[in-house]
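# Per-entry structural report
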Amino acid sequence: MLKNYFKTAWRNLIRNKAFSFINICGLALGLACSLLIILWVQDERSVDGFHVNNKQLYQVYERWHQDGKVEASYPTQGLLAGELKKEIPEVQYASGFEYASAPGTHNTFEVNGKMNKMQGYFAGADFFSMFSYPLLHGKATTALNSPGSISISREMAEQFFGAPAQAIGKMLRFENKESLLVTAVFENIPHHSSQQFDFLRSWIDFVKQNQWVNNWGNTSPASFIMLRKEADAVKVEAKIKDFIYRYQKKSEGLTIELALQRYREKYLYSSFKNGYVDGGRIEYVRLFTLVAAFILIIGCINFMNLATARSTKRAKEVGVRKVIGAVRSALIGQFMGEAMLLTFFSVIVGMIIAVLFLPAFNDLTGKQLSLPLTQPGFWGALFGLLTITGLVAGSYPALFLSSLNPVSVLKGSLKFGWRATFFRQGLVVFQFTLSIVLIVGMIVIYRQMNYIQTKNIGYDRENLLYIPIEGELINKYSLYKEEAGKITGIETISKMRNSPTVIEHHTGSINWEGKDPNLSVSFADGVVGYDFAKTLNLQFKEGRDFSPAYGTDSASYILNETAVSKIGYKNPLGQTITWGNRKGTIIGVLKDFHFASIHSTIEPLIIRLDENWGWGTILIRVKAAKTKEVIAGLERLNKQLNSKIPFTYQFSDLEYTNLYRSEQVVSKLANIFAFLAIAISCLGLFGLATFTATQRTKEIGVRKVLGASMPDIAAMLSANFLKPVILATFIAFPIAWYTMNVWLKGFAYKIDIEWWMFALAGLATGCIALITVSYQSIRASLSKPVKSLRME
């Protein structure tokens, strides 16, 4: 019997090629989109899941209570990890973790004249005992436990030494200033690790090179701990809550607490609300999980509508089968078999589409996704998806067609009740509600991303170059600045410890006259060169920039407006302020500018001058349309002054854009899926139009005989088709408004959701729907009444 079901289903599919093609394409597109999204979701959820000790791994973060607010962040004190291991018995291992150079930049290595740039971090001696990065050579306990040691990846070892085994015990020249001993080689970091690096340096060197870590008011590194198996994380968190007050005095008005977050959770849950972990990338994972389900449901709804649209053509077939003895269960089996066959072909076509578009999808998302064809679980899930989709898509047509009264069918008096009509139109309303929500989301996300790109962040990102300070430039910055200033097209040159895009270092060691001794305020802090504000085109509220014309500027400070507000100075110029042991005078107040993502508010900022600061970034302001000539000149200068280091540079606007990589991916995906959702929905509307036009053939014939014109009939049919679309807009608007408001709450600076966004989405959907139904409406209105009435 099953063979007969599928044979009959196959014949019907071949007989109705256009119907089969539209139905298979609609389901295949939905399945392909859902498959790609599910692959992305699975990859996101698998990040950092490979660590054997995941149940015991935690990241320490700080929670601050100040001015009635509770905030939190991941930067911690440089000595925290080691002290936690020493003082808390439940902590088995601990490690600090900090960039080996400014975030986003690479370090230059040299071996026997061969040079290359690599990205890496400083890490504690316990790092390899905590995390599951397999060591090919060397021991986890000794890889990072001595000064001057370095552990490198397999790829780095092969580049410099030919093979991993040959790297052990060899020396690497780091930034042309120090030699490091290779003590271990680890396997290349897998793509589903949140931390990507080519090398790790000893934490001992980090502490030795950064004396500020000895001040517990300064924060920057991450701190990881691994608890003993029997330890209770809740009790340990309570135990370390006030840990830092063992090393610094507690301040009135500011309370700093330590808290724990599972390391594996940090990738998806990295945002804070009221001082506690709340959301992050998980919001996108949840969002696109729903989008995958919705798009698949839209494809299933299409099947139902298109199958129902053909029901009048198959009604007599059902009537005849029932008259000759077919029971309802047999008819249901036949139609479900047809649905399963269609779904099977749709799955095959959907997989082909997914495979064809997977490389482009990987480029868009920055992933390395692939179909897990060798995993039985994948085929099991695919079979389950096929079965569920076939049952959902075929259930209503099967139950509906099998319920037809054979007498009514064969007498030609088949009429569909209001319940059937309501159900079909309800499906279309549901489809377009989802589509309109996606379109509104697409518009809001696009506007927010455009706002980010065009917002005045306080400094001029255009025509601004970043060059890493490395190699000979560490000691030759003054000469480099002098020679670079002679290159045609360069306006100004300065330097800073990090980059204007991200200033991560913070200090709590700021004091001023009249300050409450119990009050503590965390300041972002920067170390810069002369002409810093001029090079960035920063605006001063009052005062001036650092300048060699003033011999006392090395003992001076520049603050931003937020810092002055925190201090409480009404006339800050000339006031004395102390940073650690450095007492200086305030010479300028900058208007607030963004030096981090606009997901967060602007923090207090203090800046000091140090032309001799070693590493960091050279900032070069270039005249408009002179970029090409300037880069060529800088490359020649690099060969003269820093020949052992390859010349590299980055544009400020590009680095700024990279801050919002996740949002850009979401924006592009939202555009694609909104387009596909509306396209698939229109297939469903086309099915409804076909059904309605078929049902009203004789009515249209009578109207034409009585004098109705073609435009009148087309307008009548189109108006009926557009009613569910109009209803969908009113349902979708509040849903879209709520959803996008929740998404925008993740930004401290954001656009307003305006009425025209909804109007545009509704108008666009209405126009697309009208174009879709116009074909059937005009075709029905052009039909000859003789053909439709000749059976009467």
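Residues numbered from 1 in each chain as written. Predicted model: local features only at pLDDT ≥ 70, side-chain atom pairs only at ≥ 80, totals over all residues. Heavy atoms only, no water.

We now examine the pairing of strand E3 (residues 91-99). Residues in a regular strand point their side chains to alternate faces of the sheet. By the bridge criterion, 6 bridges tie E3 to strand E13 (residues 222-227) in an arrangement that is antiparallel. When the sheet's bridge partners are listed, Ser 95 is paired in E13 with Phe 224. Pairing geometry for E3 and strand E6 (residues 120-123), over 3 bridges, is antiparallel. From the neighbouring strand, Phe 97 faces E6, where its bridge partner is Ala 123. (Pairing = 2+ DSSP bridges. Helix = DSSP H or I, 4+ residues; strand = E, 2+ residues; numbered from the N terminus.)

This paragraph deals with a nonpolar patch on the surface. A surface patch of nonpolar side chains, about 510 Å² in accessible area, is lined by Phe 344, Ile 348, Ile 352, Leu 356 and Phe 357. Summarising the element assignment, Phe 357 is placed in helix H12 (residues 328-365). (Patch = residues over 30% accessible without salt bridge, like charges linked within 9 Å, V, L, I, M, F, W, Y side chains within 5 Å. Areas by Shrake-Rupley, 256 points an atom, 1.4 Å probe, with all protein chains shown as cover. Salt bridge = Lys/Arg side-chain N within 4 Å of Asp/Glu carboxyl O.)

Further remarks concern the environment of Ile 388. Positionally, Ile 388 belongs in helix H13 (residues 376-402). For the pair Ile 388 and Met 340, spaced 48 residues apart in sequence, the C-alpha to C-alpha distance is 9.5 Å.

Non-glycine residue Asn 463 carries a positive phi angle of around 55°. Along the chain, Asn 463 turns up in the loop between helix H15 (418-454) and strand E17 (464-469).

Before going further, it helps to spend a moment on the environment of Asn 23. Mapped onto the fold, Asn 23 is located in helix H2 (residues 17-46). When the C-alpha positions of Asn 23 and Leu 683 are compared, they lie 8.3 Å apart, and in sequence the two are 660 residues distant. Leaving out residues up to four positions away in the same chain, Asn 23 has contacts with Asn 302, Phe 303, Leu 306, Leu 342 and Ser 346. (Contact = heavy atoms within 4.5 Å.)

Let's shift gears to the pattern of salt bridges. Under the counting rule described, the total for this entry stands at 23 salt bridges. Measuring nitrogen to oxygen at the nearest pair gives 3.3 Å for the salt bridge that ties Glu 90 to Lys 239. Of this pair, Glu 90 sits in the loop between helix H3 (80-87) and E3 while Lys 239 sits in helix H8 (residues 233-240), and the two are 149 residues apart along the sequence. The exposure class of Lys 239 is partly exposed, given its relative accessible area of 40%. The residue Glu 472 makes a salt bridge to Lys 476 at a minimum N-O spacing of 4.0 Å. (Buried < 20%, exposed > 50% of the residue type's maximum accessible area, 1.4 Å probe, protein only.)

Before going further, it helps to examine the packing of aromatic side chains. Within a pair of aromatic rings, the relevant descriptors are the distance that separates the centres and the angle that separates the planes. This structure, assessed with the given rule, holds 40 aromatic pairs. Their ring planes at 5° and their centres at 4.2 Å tell us that Trp 216 and Tyr 247 sit as a pair that is stacked. One end of the pair, Trp 216, is in the loop between helix H7 (203-209) and strand E12 (218-219); the other, Tyr 247, is in the loop between H8 and strand E14 (254-262), and 31 residues separate them in sequence. In this structure Trp 216 comes out as buried when scored by relative accessible area, which is 9%. (Phe/Tyr/Trp six-rings, centres within 6.5 Å; stacked < 30°, edge-to-face > 60°.)

So, about the nonpolar core. Among the nonpolar cores identified, the biggest contains 103 residues, and Phe 432 and Phe 673 are the most heavily contacted of them. Discounting residues that sit within four places of it in the chain, Phe 673 has contacts with Cys 33, Ile 37, Phe 288, Val 291, Ile 295, Phe 361 and Leu 438. (Core = buried A, V, L, I, M, F, W, Y, C linked by side-chain atoms within 4.5 Å.)

On to the side chain of Ser 132. Inspection of the secondary structure assignment puts Ser 132 in the loop between helix H4 (127-130) and strand E7 (135-137). A distance of 2.8 Å separates a polar atom in the side chain of Ser 132 from the backbone nitrogen of Val 52. With residues up to four places along the chain from it excluded, the contact list for Ser 132 reads Phe 50, His 51 and Val 52. (Polar contact = N/O pair within 3.5 Å; in protein donor to acceptor, adjacent residues only side chain to side chain.)

To continue, consider H12. Given 3.6 residues per helical turn, the α-helix brings residues three or four places apart onto the same face. Taking 1.5 Å as the rise per residue, H12 with 38 residues should run 56 Å; its terminal C-alpha atoms sit only 49 Å apart, a clear shortfall. By the largest-angle criterion, Leu 358 marks the main kink of H12, which is about 45°, and a proline, Pro 359, follows within four residues. At the exit of H12 stands Gly 366, carrying a positive phi of roughly 70°. (Expected span 1.5 Å × (residues − 1). Bend = angle between axes of the 7 residues up to and from the residue.)

For the rest of this paragraph, the subject is the packing of helix H16 (residues 477-484) against helix H19 (residues 627-641). Axis separation between H16 and H19 bottoms out at 11 Å; the angle between their running directions is 145°. Handedness of the H16/H19 crossing: right-handed. Contacts between H16 and H19 involve Leu 479, Tyr 480, Glu 483 and Ala 484 from the former and Leu 634, Leu 637 and Leu 641 from the latter. Considered class by class, the residues forming the contact of H16 with H19 number 6 nonpolar, no polar and 1 charged. (Axes fitted to C-alpha atoms, helices over the stretch in contact; angles between N-to-C directions. Left-handed = near helix turned anticlockwise from the far one by under 90°. Nonpolar A, V, L, I, M, F, W, Y, C, P; charged D, E, K, R; others polar.)

Now for the environment of Trp 756. In this structure, Trp 756 sits in helix H24 (residues 755-782). The contact partners of Trp 756, leaving out residues within four places of it in the chain, are Ile 443 and Arg 447.

A few words on H8. Burial in H8 covers these residues: Ala 233, Val 236 and Ile 240. Looking straight down H8, one finds its buried side chains confined to an arc of 60°; they lie on one side. The outward face of H8, more than 90 degrees from its buried face, is lined by the exposed residues Val 234, Lys 235 and Ala 238. In the core, the buried residues of H8 are packed alongside strand E1 (57-66), H3, E13 and E14. (Arc of directions from axis to C-beta.)

Okay, the pairing of strand E2 (residues 69-73) next. Pairing of E1 with E2, which is carried by 5 bridges, proceeds in the antiparallel orientation. By the bridge assignment for E2, Arg 63 is matched with Ala 72. The antiparallel hairpin formed by E1 and E2 contains 2 residues in its connecting segment, where Asp 67 sits at a positive phi of about 50°.

Turning next to the side chain of Glu 178. Mapped onto the elements, Glu 178 comes out in strand E10 (residues 178-186). A distance of 3.4 Å separates a polar atom in the side chain of Glu 178 from a polar atom in the side chain of Gln 209. The contact partners of Glu 178, leaving out residues within four places of it in the chain, are Leu 172, Arg 173, Arg 201 and Gln 209.

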